[in-house]
Amino acid sequence: MKVLVLGAGQLARMMALASKPLNIDVKAYDVGSNRVVDPLSLSVDYGDLDQGIADADFITAEFEHISHDVLALCEQSGKLFPSSQAIKTGGDRRLEKTLLEQTHVTNAKHKVVANKADFDSAIASLSLPLIMKSALAGYDGKGQWRLKDKSEAEAIWQDIQLFIEGDTSGQPQAIVVEQMVPFDREVSMVGVRSKTGETLAYPLTENHHSKGVLSVSLALNEHQHLQAQATEAFDKIANALDYVGVLAIEFFQVGDSLLVNEIAPRVHNSGHWTQQGADTSQFENHIRAVCQLPLGSTELVRPSAMVNILGTDTVPNNIFEIPSVTMHWYGKGKRPGRKMGHINICGKDKAELTMRLSQLAKILPKDDFPDVSEYVKSL
Ligand code: AMP
């Protein structure tokens, strides 16, 4: 079987690596160059999008900010999974919030703002502090503003106006204004849905962010009450979208309750630990669902964690002296803050995993991994 992935980044690469043993061939469509490439070398050229669509049995995506023209072309072929509507919903916070409201899934109080009158009425009707997020093309903390006091409103609005005017997406931009949630921690659920409607969820993952970017994910399988809540939300959202493939949902935990922050219609950074910690990795399960093969078990085989490597292309070799450490480089050129790879690490129980994580944190250079030690100490 042949799969075309829209997007040629690390997620397409890891889908290709997971597909090889299944004898499934994965190619990637680089939206920047409009060429179909090999997701590992990126250098081999297999033609343009039309050629890629014609050659593929199935098409999927590794990110949600894909032009609607490209999505329409892929959907017309009948090979695109998940649907263009599901991908668009993940790429537009307005559609995402509408879906959460329609499916009665708890999320932060919010208003959609397109002009100054909307902005003023959102500030008047919601409780401060507020977080404001661009509806389109906002990710990893970009396109966001925080308002703690009404006196800041005018300056923030000026900035938002500039942001909206500078938008080049060709689609009407807007801002979603949300009440800040006083969360205890951030968790996510990665799950998979088949074309026949079967759903399977991985254990909830605790996520630690640094400057708005995921730094460490931890999967322990010890939150049964929360797991049930998250699974219910996952099923509601995935069923409403008639979703096919892996879908990730990010939550805020407040006490014993979960509120959805956002959804990602794709394999997700907080699910990378599944490569070593689950019966079937998220990458293999996504490909299985897209290719209409039976889904693989999402059971945790051992407590696991993932540490992101941001902005550096080297780590000390003695990390390999720690049992169970697995390295995943993405083969990308170095840029400040860029996701360059990740380290997976596991243990037979939580105590062994946290012991190994603290060994790892001691070896990793503080300049490149500024807050990993502190987070590991808090476990
Ligand atoms: P997002 O791009 O929506 O994932 O937001 C980036 C980060 O901002 C999240 O990981 C949270 O740490 C924080 N954040 C986003 N929305 C809220 C909210 N409503 N309340 C509190 N923190 C938030």
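One can find the structure itself at the top, above this paragraph.
Keep in mind that what you see is a predicted model, and the values were worked out from it rather than measured. (Residues numbered from 1 in each chain as written. Predicted model: local features only at pLDDT ≥ 70, side-chain atom pairs only at ≥ 80, totals over all residues. Heavy atoms only, no water.)

Asks: Describe the sheet that holds strand β2 (residues 25-30), and please don't skip the residues or the numbers.
Replies: The 4 strands lie next to each other as β3-β2-β1-β4, forming an open sheet whose pairing is mixed. Only two strands of the sheet have a single neighbouring strand rather than two, namely β3 (35-37) and β4 (58-61). Averaged over all pairs of adjacent strands, the angle between strand axes in this sheet comes to 30 degrees, irrespective of strand direction. Where strand β1 (residues 2-6) and β2 come together, 5 bridges link them in parallel fashion. In the strand pairing of β2, K2 is matched with D25. The sheet contacts of helix α10 (residues 282-290) involve β1, β2 and β4, and relative to β4 the element is tilted by about 140 degrees. (Pairing = 2+ DSSP bridges. Helix = DSSP H or I, 4+ residues; strand = E, 2+ residues; numbered from the N terminus. Axes fitted to C-alpha atoms, helices over the stretch in contact; angles between N-to-C directions. Contact = heavy atoms within 4.5 Å.)

Asks: Account for the site of the ligand, naming residues and giving values.
Replies: Lining the immediate environment of the ligand, one finds 16 residues, of which K133, Q144, E178, V181 and E186 sit closest. Between the ligand and R93, the relevant distance is 3.3 Å, taken from an oxygen atom to a side-chain nitrogen or oxygen of the residue. Separating an oxygen atom of the ligand from a side-chain N or O atom of Q144 is a distance of 2.8 Å. In the complex, 93% of the free accessible area of the ligand, which totals 480 Å², lies under the protein chains. When residues of the shell around the ligand are traced back to their parent elements, those giving at least two are β6 (130-134), β7 (144-147), β8 (175-179), β13 (245-254) and β14 (257-264). Broken down by class, the residue content of the shell around the ligand amounts to 5 nonpolar, 4 polar and 7 charged. (Near = heavy atom within 4 Å. Polar contact = N/O pair within 3.5 Å; in protein donor to acceptor, adjacent residues only side chain to side chain. Areas by Shrake-Rupley, 256 points an atom, 1.4 Å probe, with all protein chains shown as cover. Nonpolar A, V, L, I, M, F, W, Y, C, P; charged D, E, K, R; others polar.)

Asks: Talk me through the pattern of salt bridges; I want residue IDs and the actual numbers.
Replies: All told, the structure shown has 17 salt bridges when counted by the stated rule. A salt bridge links R35 to D45, with the shortest nitrogen-to-oxygen separation between them at 2.9 Å. Separated by 10 residues along the polypeptide, R35 in strand β3 and D45 in the loop between β3 and α2 (49-55) bring together distant segments of the chain. Look at R35 and you get partly exposed, because its relative accessible area is 33%. You can call D45 partly exposed: its relative accessible area is 42%. One salt bridge in this structure joins D92 and R94, with 3.1 Å as the shortest N-O distance. The buried category is assigned to D92, whose relative accessible area is 11%. It is possible to trace a salt-bridge network through shared partners that takes in K97, K133 and E178. (Salt bridge = Lys/Arg side-chain N within 4 Å of Asp/Glu carboxyl O. Buried < 20%, exposed > 50% of the residue type's maximum accessible area, 1.4 Å probe, protein only.)

Asks: Can you break down the sheet that holds strand β5 (residues 110-113) residue by residue, with the values?
Replies: Reading across the sheet, the 4 strands line up as β5-β8-β6-β7 and stay open at both edges, with antiparallel pairing between neighbours. Edge positions in the open sheet fall to β5 and β7, since each of these has one partner strand only. Ignoring which end each strand starts from, the neighbouring axes of this sheet average 20 degrees apart. In terms of strand pairing, β6 meets β7 through 4 bridges, oriented antiparallel. Counted as the bridge partner of K133 is Q144 from β7.

Asks: I'd love a proper account of the packing of aromatic side chains, names of residues and values included.
Replies: Summed over all chains, the structure comprises 5 aromatic pairs. Ring centres 5.2 Å apart and planes at 85 degrees place the aromatic pair W145 and F163 in the edge-to-face group. Of the two residues, W145 is situated in strand β7 and F163 in helix α7 (residues 153-165); the sequence distance between them amounts to 18 residues. Its relative accessible area of 10% is what places W145 among the buried residues. The exposure class assigned to F163 is partly exposed, which follows from its relative accessible area of 27%. The side chain of K27 reaches across the aromatic face of Y46, ending 4.3 Å from its centre. (Phe/Tyr/Trp six-rings, centres within 6.5 Å; stacked < 30°, edge-to-face > 60°. Lys NZ or Arg CZ within 6 Å of the ring centre and 35° of its normal.)

Asks: Any chance you could break down helix α3 (residues 68-76) for me, citing the residues and the numbers?
Replies: V70, L71 and C74 are the residues of α3 that are buried. Looking down the long axis of α3, one finds its buried residues gathered within 100 degrees of arc, a one-sided arrangement. Exposed positions of α3 whose direction lies more than 90 degrees from the buried face are D69 and Q76. Residues of α3 that are buried make contact with β1, β2, α2, β4 and α4 (84-90). Taken from the residues just after α3, G78 is the one with a positive phi, measuring 75 degrees. (Arc of directions from axis to C-beta.)

Purely geometric stuff here, so don't read any function into it on its own.
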